[in-house]
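# Architecture at a glance
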Amino acid sequence: MNPRELFWLSSLALVLAIACIADGLFSSGGDNALGQTERLFPGLNADSIDSFTVKRGDATVAAKKIDGQWRVADPDYPAHPERITRLAKRLAELTVSQRFEEAEWTETGDEETFGLDEAKALVSWMSEGKEQSLEVGSAVLFGRQTYVRLPGTRDVLLAASDLANWVPRNADDWRDLRLVPEDLEFDRVRFWGQSRTVELARGGDGGWRMEQPVNSPADQMLVRQLIQRMQLARIVQVAADAGEGEPDATVRLTKGEESVIELEFRKPNDEEPAVLVQHSGRGTVVIQDDGLLSLLRLPHDQFREHAVFRRPLHEVTSVTVDTINKFTVAKNRDGDWQVTEPKQFPADALLVNAMLTNIRNAQVIDFIKDGAVAADFKNHGLANPWLNLELNGTSSAAGRWREKIAFGTVDALRVATRANDEPAIIGLPREQAILLPKEAFKLRERRLWAFSTNQVATVTVTLDNEPTRFARLPNATWRTADNKPLDQIQSAMLEEAVYRMGVLSAVDWVAEGQPAMEAAGIRPGANQLAAVVDTADGPRRYTLEFGNKGPLGRTRVMTEQYDTPTLFSAPNEFTNIYFAALQTLGLAKR
């Protein structure tokens, strides 16, 4: 036998020895074993228990049920609604799985082994006029079991329950230390102080709206944060001394016309985290300031909705832009975007998403006028807005929805705006209006076409009205119109330029029509690249007309494949290769 085998055999023998000792200590004979279903208090009903007293050493915790509600004594204070109820339920359902007679455990241990020494808890209760008690020791290390003992006896019982976890060690374990319970129902929040009053009301859709000091949509995230801070606040001291002076803030929560909780907040020392709260149902208590008081001190404008559009973008099904030329872009059943009015053509998903993101990111920078009337709307260009947005969508929770945004006068910093016919004029950053597409073609699919070089039969380059024609051979080489072959570098450069033409996408759409061509320096047929491509419908001619460069240094190019001359900014990856190919071919010096 090698040393490794000897080690493992020795370890196994040690484990078996420990198991035998444990079996001798904790197992009992057949006469002492009790069934798992045998209840220790068979006649006890959890709902009939109306008082508890728990003694642990010199400490005593007492609770009594008054009008169906548990209250903790000394001082009188509401109890947590679940903790005492759970203790009562576990006592009523308590079953015993094993009994250790005194003669058995005194030979191998003492009461400390079971937590039934000075550390034990004596739990007493009244039920239907009858008092009962139980000594509760420690929980078993593994499993949901607890050592208990009936008063006046010495035998230890192993109860099949996590009873020990629900026996309080002090009164705070039973007190309801929540400032505002999570399950408290209310539909109105009113708070005042700092010379202002804010009142928020919850609508039928669950959303919050400000009613005072102005009637306005509310910032849902900030309101939820305020409510959550109140629900998460925990009382660290009860029966505190009442504060002096005017409260820093007062909060009233109501359900309908009934006030359910009122809280007065005072912070005696700004350097300390303790905040005194006069609670309508708890008296004066102390909480730790975790930012709740700072939220209650915010100006009322902070609780107003600063986003002009909050809907999730995936819910949007159509957008109508009504300006110089009204158009609509809508999402089809496949999830693709398409301009539907005044003409139908595929829309570019990235451009539509950029438009929606711009709208979604719009934040109010100024509340220009609350309670606006017709004269106010006229003064700010909103009686007849120069641009109207209408967004339609569908929500799984609320069904179909529609939101509207109207844009009025524009100055150096802001654009006057009205959202959803609210009686208020708000200011948005002027770029929010400037960046919106004003014409349908600005949302057109940016991929012009798709063909490979193998489909190209001929290419004609026209510079200063002088055309030069090239023909492509199947081996990817090129010849001039008079059948002269191009050298290897010239063929490669022309091949690359034609390839990039076949996969060309616009960076952005610039303008439409003859005036735009003139502004870009484009003369029809003067500087042109044309490719004759074999398609399933026969030969097709694709043409690009080149103009000057735009403000960002990109060449402006025109295509007529959309029936109307349409200008776009061409990517430098295409124009740089094309102009380099022209130099290689000896057609231009750029």
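Up top is the structure these notes are about.
A quick note: this is a predicted structure, and the numbers were derived from the prediction, not measured.

The next thing to look at is the overall build of the protein. The helix and strand tally for the protein stands at 11 helices and 35 strands. Against the globule reference of 25 Å for 590 residues, the protein gives a C-alpha radius of gyration of 41 Å, more extended than a compact globule. The dimensions of the protein, computed from C-alpha atoms along their principal axes, are 120 × 90 × 45 Å. Buried residues in the protein amount to 44% of all 590 residues. Within the protein, counting contacts between residues at least 6 apart in sequence, those at least 24 apart form 58% of the total. Of the accessible surface of the protein, which amounts to about 31,200 Å², a share of 49% is contributed by carbon and sulfur atoms. A gap of 8 Å separates the mean positions of the 68 positive and 84 negative side-chain charges of the protein.

Further remarks concern the pairing of strand β33 (residues 538–549). Here strand β32 (residues 528–535) runs beside β33; their pairing, made up of 8 bridges, is antiparallel. Bridge pairing in β33 links Ala531 to Tyr542. Adjacent in sequence and paired antiparallel, β32 and β33 are bridged by 2 residues. Here β33 pairs with strand β34 (residues 555–559) via 3 bridges, running antiparallel. Residue pairing in the sheet places Lys549 in a bridge with Thr555 of β34. Here β33 folds back onto β34 in antiparallel fashion, the turn holding 5 residues, of which Gly553 has a positive phi close to 85°.

Among the structural elements, Asn527 can be located in the loop between α10 (514–519) and β32. Look at Asn527 and you get buried, because its relative accessible area is 18%. With residues near it in sequence (within four places) discarded, Asn527 still touches Thr462, Leu463, Asp464, Leu544, Glu545 and Phe546.

Pairs can form between side chains of opposite charge once their charged atoms are near each other. Applying the stated criterion across every chain yields a total of 34 salt bridges. With a closest N to O distance of 2.9 Å, Glu135 and Arg149 form a salt bridge. Of this pair, Glu135 sits in strand β7 (residues 130–139) while Arg149 sits in strand β8 (residues 146–149), placing them 14 residues apart in sequence. Like Glu135, the residue Arg149 is buried in the burial classification.

Counted according to the given criterion, the structure contains 19 aromatic pairs. Residues Phe52 and Trp174 carry aromatic rings whose centres are separated by 5.8 Å and whose planes lie at 55° to one another, so their mutual orientation is tilted. One end of the pair, Phe52, is in strand β1 (residues 49–56); the other, Trp174, is in the loop between β9 (156–159) and β10 (188–193), and 122 residues separate them in sequence. This pair shows no difference in class: Phe52 is buried, exactly as Trp174 is. With centroids separated by 5.8 Å and ring planes inclined at 80°, the aromatic side chains of Trp509 and Tyr562 adopt a geometry described as edge-to-face. One end of the pair, Trp509, is in strand β31 (residues 508–512); the other, Tyr562, is in the loop between β34 and β35 (566–569), and 53 residues separate them in sequence. Using a relative accessible area of 4% as the deciding quantity, one classes Trp509 as buried. Using a relative accessible area of 16% as the deciding quantity, one classes Tyr562 as buried. Members of the aromatic cluster, joined through ring pairs, are Phe546, Phe574, Tyr578 and Phe579. The cationic tip of Arg202 hangs over the ring face of Phe186; the distance from NZ or CZ to the ring centre is 5.7 Å. Over the aromatic face of Phe345 sits the side chain of Arg444, whose NZ or CZ is 4.0 Å from the ring centroid.

This paragraph deals with the nonpolar core. With 66 residues, the main nonpolar core has Leu389 and Leu544 as its most contacted residues. Sort the elements by how many residues they give to this core and helix α6 (residues 349–360) lands first, with 5 residues. Those residues in contact with Leu389 that lie beyond four places of it in its chain are Val319, Thr320, Val321, Ile359, Glu403, Lys404, Ile405, Phe407 and Leu436. By size, the runner-up hydrophobic cluster in this structure holds 36 residues, among which are Val180, Leu226, Val238 and Leu293.

Our focus in this paragraph is the pairing of β34. Within β34, 5 of the 5 residues are buried, leaving the element largely enclosed by the surrounding structure. By the alternation rule, side chains of β34 split into Thr555, Val557 and Thr559 and Arg556 and Met558, which are all buried. By the bridge criterion, 4 bridges tie β34 to β35 in an arrangement that is antiparallel. Its bridge partner being in β35, Arg556 is matched across the sheet by Ser569. A loop of 6 residues connects β34 with β35, the two strands running antiparallel in sequence, and Asp563 in this loop sits at a positive phi of about 75°.

Looking now at the environment of Gln98. For Gln98, the position within the fold is in strand β5 (residues 96–100). Residues Gln98 and Ala160, 62 residues apart in the sequence, show an inter-C-alpha distance of 8.9 Å.

Spatial strand order, β22-β21-β20-β19-β24-β25-β26-β27-β23: 9 strands in an open sheet with antiparallel pairing. Edge positions in the sheet fall to β22 (345–346) and β23 (366–370), since each of these pairs with one other strand and no more. Together, β19 (316–322), β20 (327–331), β21 (337–341), β24 (387–395) and β25 (399–410) form the strand contacts of α6, whose direction differs from that of β21 by roughly 80°.

Running from amino to carboxyl end, helix α9 (residues 488–502) crosses helix α11 (residues 572–584) at an angle of 150°, the nearest separation of the two axes being 9 Å. For the element pair α9 / α11, the angle class is roughly antiparallel. Classified by chirality, the crossing of α11 by α9 is left-handed. Contacts from Ile489, Gln490, Met493, Leu494, Glu496, Ala497, Arg500 and Met501 in α9 reach Glu573, Phe574, Ile577, Tyr578, Ala580, Ala581 and Thr584 in α11. Looking at the contact of α9 with α11 residue by residue, the class counts come to 10 nonpolar, 2 polar and 3 charged.

Rules of the game
- Residues numbered from 1 in each chain as written.
- Predicted model: local features only at pLDDT ≥ 70, side-chain atom pairs only at ≥ 80, totals over all residues.
- Heavy atoms only, no water.
- Helix = DSSP H or I, 4+ residues; strand = E, 2+ residues; numbered from the N terminus.
- Rg over C-alpha atoms; globule rule 2.2 N^0.38 Å.
- Buried < 20%, exposed > 50% of the residue type's maximum accessible area, 1.4 Å probe, protein only.
- Contact = heavy atoms within 4.5 Å.
- Areas by Shrake-Rupley, 256 points an atom, 1.4 Å probe, with all protein chains shown as cover.
- Lys, Arg positive; Asp, Glu negative; His and termini not counted.
- Charge placed at Lys NZ, Arg CZ, Asp CG, Glu CD.
- Pairing = 2+ DSSP bridges.
- Salt bridge = Lys/Arg side-chain N within 4 Å of Asp/Glu carboxyl O.
- Phe/Tyr/Trp six-rings, centres within 6.5 Å; stacked < 30°, edge-to-face > 60°.
- Lys NZ or Arg CZ within 6 Å of the ring centre and 35° of its normal.
- Core = buried A, V, L, I, M, F, W, Y, C linked by side-chain atoms within 4.5 Å.
- Axes fitted to C-alpha atoms, helices over the stretch in contact; angles between N-to-C directions.
- Parallel < 35°, antiparallel > 145°, perpendicular 65-115°, else oblique.
- Left-handed = near helix turned anticlockwise from the far one by under 90°.
- Nonpolar A, V, L, I, M, F, W, Y, C, P; charged D, E, K, R; others polar.

Interpretation in functional terms is not warranted from these geometric data alone.
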